[in-house]
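# Architecture at a glance
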Amino acid sequence: MPASKTLSFLEKVNQYPKTTYIYHTKIEERLAMHSHNKHQLTYVEGGMAYLKTNDNSYFLPARHYVWIPAGMEHFIDLKTQVSMIRNIYISQLIF
């Protein structure tokens, strides 16, 4: 029997273009600059973070949302302990 490949959550975001994907994490992992083919709505539940893009840095205080358009290269830079990051990845076909 062939070994099955485990997809990272970023691969899962792009796996089904017509679907919405929800991902919650304590964000103990640090992601490099990346993009995906879905829009992203992110909620910082506690602590503070920065959304970094190629051109700018945006402050994300606790209990705030940020909209990241599909295709925008970005990463989240944590500056304090964050209790939870909640992400909804929305198909471009909806907007």
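The structure we're discussing is the one just above.
Here the structure is a predicted model, which is why all the values come from computation and not from measurement.

Parameters at a glance
- Residues numbered from 1 in each chain as written.
- Predicted model: local features only at pLDDT ≥ 70, side-chain atom pairs only at ≥ 80, totals over all residues.
- Heavy atoms only, no water.
- Helix = DSSP H or I, 4+ residues; strand = E, 2+ residues; numbered from the N terminus.
- Contact = heavy atoms within 4.5 Å.
- Areas by Shrake-Rupley, 256 points an atom, 1.4 Å probe, with all protein chains shown as cover.
- Patch = residues over 30% accessible without salt bridge, like charges linked within 9 Å, V, L, I, M, F, W, Y side chains within 5 Å.
- Salt bridge = Lys/Arg side-chain N within 4 Å of Asp/Glu carboxyl O.
- Buried < 20%, exposed > 50% of the residue type's maximum accessible area, 1.4 Å probe, protein only.
- Pairing = 2+ DSSP bridges.

### Some remarks on the overall build of the protein
Broken down by element type, the protein carries 1 helix and 7 strands. Of the regular secondary structure in the protein, the N- to C-terminal order runs α-β-β-β-β-β-β-β. The long-range fraction of contacts in the protein, counting pairs at least 24 apart against all pairs at least 6 apart in sequence, stands at 66%. Surface exposure of the protein reaches about 6200 Å², of which carbon and sulfur atoms provide 55%.

### What about a nonpolar patch on the surface?
Residues Trp-67, Ile-94 and Phe-95 make up a contiguous nonpolar surface patch of roughly 370 Å² in combined accessible area. For Trp-67, a relative accessible area of 38% gives the class partly exposed.

### Section: the pairing of strand β4 (residues 57-61)
With 5 bridges connecting them, strand β3 (residues 48-53) and β4 associate as antiparallel partners. Bridging from a neighbouring strand, Lys-52 pairs with Ser-57 of β4. Linking β3 to β4, which pair antiparallel, is a turn of 3 residues.

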